[in-house]
Amino acid sequence: MTDMFFLFALFNFLIIYGSMFYIMDLRITIKRLIASLLINTFVAVLAVSYPQSLWIPMIVSIVASGVLFFVMTRKQLAFFHLLFIYLCCVLAEYIALIVVDIFHLSIAVHSGIILLQIAVIMIGYKTFLARYDDKVRLPGSSQLVLLLVAVSTGLVFYVLIFLPGGKGEIPISTGNLVILMFYFMTMLVLIRILLQTMIKEQEVQEKFIEQQQFTQYMQSLEQVNRNMQAFRHDHTNILLSMRGYMENGDMTGLKTYFDEEVTKVEHHTLYQNQLFSQLDRLQLIEIKGLISTKLLRADELSIPVSVEVPELIEDCSVSRLHLSRVIGNLLDNAIEASVVVDNPQINLAFLAMKGELVIVIENRISDSELPVQPLFGERYSTKGENRGWGLPAVRGILSGYPNITWNTRIDNQWFIHEIMIKEEFD
Amino acid sequence: MRVIICEDHPIQREFIHKEIVNYAGFHEPGVEVVLRASRPDEVLSYLEYQKADCYFLDIELNHQMDGMALAAEIRKKDPLASIIFITTHADRLKLTFTYKLAALDYIVKDTPDRTASDVKRALQAAFERYVQIGQDTQPDILQITIGERIKNISLQDIYFIETSSIPHKLSLYEKHGNYEFYGRMKEYEEMAPSFYRCHTSCLINLLHVIEVDRRNRTVTMSNGAVCPVSFRAFKELKSRLSE
């Protein structure tokens, strides 16, 4: 009896933990293997000690393994995956039982049928997940709803299968199976509908943000236009004053006036014009809007910003939302750091190269402050006075993309970020 | 060092020529201007038969080919050429010059004094580079390309290189910043004797180790980073460090 039980436990282990490692893309390390084996052994021992009430080891197993995988991956979805796998196991087992019962097959065939079903379901499940993974970002509340659905399905399964038998014996009937399957499918369909609605909602929200950014861009353009008009107005005044100097024959006065007034006004306006003509070629509207807002802010703080977009940039293989968060963060840092510098300057460039897009953001820093410490790697402690900076957030986003590399460095009084985005690997 | 100037404005062209000749007379007699062109095709036809080391190119050339396109052509023929752009304030594209065309420097048309000092600075950098290329000795550096730009990192400044969760993406930490690039750790293990692979995920520079923690099996680097040491590597690390 016990031998059988431990054999069963091992089988159970292979199915459940194997599927979890597969679905969550976990690398198998010795530590993880030992931890999961320990939990599994504990569950098996529980099952041996309480053969009458199998629900105790089941619940312990679900909770303990759920916690284990949550600790390993830090994803709440681990609980959901686990419940899903359990439900599939119950279903698969039930189907296998019926098949074996009808055709009077051996126990080995029984396990074979279970394994086959689980393998097929898991592969399907993973492809399903992969399809939704980059589209949907589940907020905590809907993750909870999903979990609730899974838990209630689990309860229904338990009531239908385990309660009637009572003494550890499972009643086998096709009617039961039909009900179970029907319930399971309904749940799947419900979850799918939930996901679809969420994707729709997200799309609407992204559109809204895009619209907002575009409005901001338009507003900044209007601002530049107003400045141009003011410049034209100034122009007349400037010409009149110059004429005054000339009529008086005051060459030195004219010279200082020209150097100090005319070039300054002209620089400022031409510079703004140049910025927006460069931005014109950047066809990522969200980013354009974001940059123009930041430009206006820098302008208020009288920090010169130069933007370079030498070629038309129409698309980019990174989510716009991510890209604007990264660029917004880095630009905010650059502006903040420039406030305290004597002759600030921020340069920003979007450069299309062969097969990649290079984004450069750099700001001038003074000699004394060398912010090398905030260049956090994962191996650096993020505690201490240099916290903040938004750099960990940027790192979090960028490190998720296999096609992005990111350099941060100091070069000759410039603090430079270089982001290289390779066009999607094929 | 052979220099070519391409500038359509005769006064500006003569001004830059004069500055270069001045610089050559005072500092480096090895610098000579071999061509003063007003049109880009003159430069290209010159390059059919001859070579130059350093180019001063105006961005706006009043021709269907502008300075940037000319620079790209020159780069195709001679990847090592030092290219210096001449620009006005309005189209000063520093990052484009450096990252797309690997330009050495740029000169802003401003007051004569400013422009002159720009020319001098650029020429100095170009000459230093010319000498370095001539010596052809590779000091201990690691090269990383960013766009067309090549960044040299001195090996002794590197703290460590680590793998990331994404295959073939490596992160390098050095004195002035950190870099990410594609490659395999194995390629870098032998680049200098002071590097030691103390863990599958970590290649450390032994010169920067300041502390070894036996209990947690980690090393602390001089920039404060903590790297893991594998069980097997620990003994060898100890002996390598005591050398």
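Residues numbered from 1 in each chain as written. Chains lettered and ligands numbered in written order. Predicted model: local features only at pLDDT ≥ 70, side-chain atom pairs only at ≥ 80, totals over all residues.

Q: Mind laying out the overall build of chain A, listing which residues take part and the relevant values?
A: Within chain A, the secondary structure is distributed over eleven helices and five strands. Across the 426 residues that make up chain A, the buried fraction comes to 26%. A fraction of 72% describes how many contacts in chain A between residues 6 or more apart in sequence connect residues 24 or more apart. (Helix = DSSP H or I, 4+ residues; strand = E, 2+ residues; numbered from the N terminus. Buried ≥ 20, exposed ≤ 12 C-beta atoms within 10 Å, placed from the backbone. Contact = placed C-beta atoms within 7 Å.)

Q: If you had to explain the sheet that holds strand S5 (residues 105-108) of chain B to someone new, which residues and values would you point to?
A: All names here are of chain B. Judged by pairing direction, the sheet is parallel, and its five strands sit side by side in the order S2-S1-S3-S4-S5 without closing on themselves. On the outer flanks of this sheet lie strand S2 (32-37) and S5, each paired with one strand and no other. On average, each strand axis in the sheet is inclined to that of its neighbour by 20 degrees, with strand direction left out of account. Here strand S1 (residues 2-6) runs beside strand S3 (residues 54-58); their pairing, made up of four bridges, is parallel. Note on S3: the bridge partner recorded for Ile5 is Phe56. Most of the contacts of helix H3 (residues 67-77) go to S3, to which it runs at about 155 degrees, and overall it touches S1, S3 and strand S4 (82-87). Here helix H5 (residues 112-135) sits on the sheet in contact with S3, S4 and S5, set at roughly 165 degrees to S5. (Pairing = 2+ DSSP bridges. Axes fitted to C-alpha atoms, helices over the stretch in contact; angles between N-to-C directions.)

Q: Residues and numbers for the nonpolar core, please.
A: Counting residues in hydrophobic clusters, the biggest one holds 80 residues, and the most contacted among them are Tyr55(B), Leu57(B), Ile83(B), Ile84(B), Phe85(B) and Ala103(B). In terms of residues, this core owes the most to one element, helix H10 (residues 320-338) of chain A, which gives eight residues. Non-local contacts of Ile84(B), meaning those with residues more than four positions away in its chain, are made with Tyr55(B), Phe56(B), Ala103(B), Leu104(B), Asp105(B), Tyr106(B), Ile107(B), Ala122(B) and Ala126(B). Among the nonpolar cores identified, the runner-up in size contains 28 residues, and Phe84(A), Ile85(A), Met122(A) and Ala150(A) belong to it. (Core = buried A, V, L, I, M, F, W, Y, C linked by C-beta atoms within 7 Å.)

Q: Could you give me a rundown of the confidence of the model for chain A, with the residues and numbers involved?
A: Per-residue pLDDT for chain A averages 79, and the proportion of residues at 70 or more is 86%. Segment residues 376-388 of chain A is flagged for pLDDT under 50; beyond a separation of four residues in sequence, or across chains, it makes 17 contacts in the model. (pLDDT = per-residue confidence, 0-100.)

Q: With reference to specific residues and values, describe the interface of chain B and chain A.
A: Contacts between the two partners involve 25 residues from chain B, matched on the other side by 26 residues from chain A. Every element with two or more residues in the side of chain B that touches chain A is listed here: helix H4 (94-100), strand S9 (169-174), strand S10 (177-182) and strand S15 (226-228) of chain B. Considering only residue class, the side of chain B that touches chain A consists of twelve nonpolar, nine polar and four charged. Pairing analysis gives two bridges linking strand S4 (residues 404-411) of chain A to S10(B), with the strands arranged antiparallel. (Nonpolar A, V, L, I, M, F, W, Y, C, P; charged D, E, K, R; others polar.)

Q: Explain the packing of helix H9 (residues 285-300) of chain A against H10(A) to me, using residue names and the numbers behind them.
A: All names here are of chain A. Direction vectors running N to C along H9 and H10 enclose 15 degrees, while the axes themselves pass 9 Å from each other. Accordingly, the angle class assigned to the pair H9 and H10 is roughly parallel. Considering only the axes of H9 and H10, their crossing is right-handed. Packed against H9, whose contacting residues are Glu286, Ile287, Leu290, Lys294, Arg297 and Ala298, the element H10 presents Arg320, Leu323, Ser324, Ile327, Gly328, Leu331 and Ile335 at the interface. Within the contact of H9 with H10, the residues separate by chemical class into seven nonpolar, two polar and four charged. (Parallel < 35°, antiparallel > 145°, perpendicular 65-115°, else oblique. Left-handed = near helix turned anticlockwise from the far one by under 90°.)

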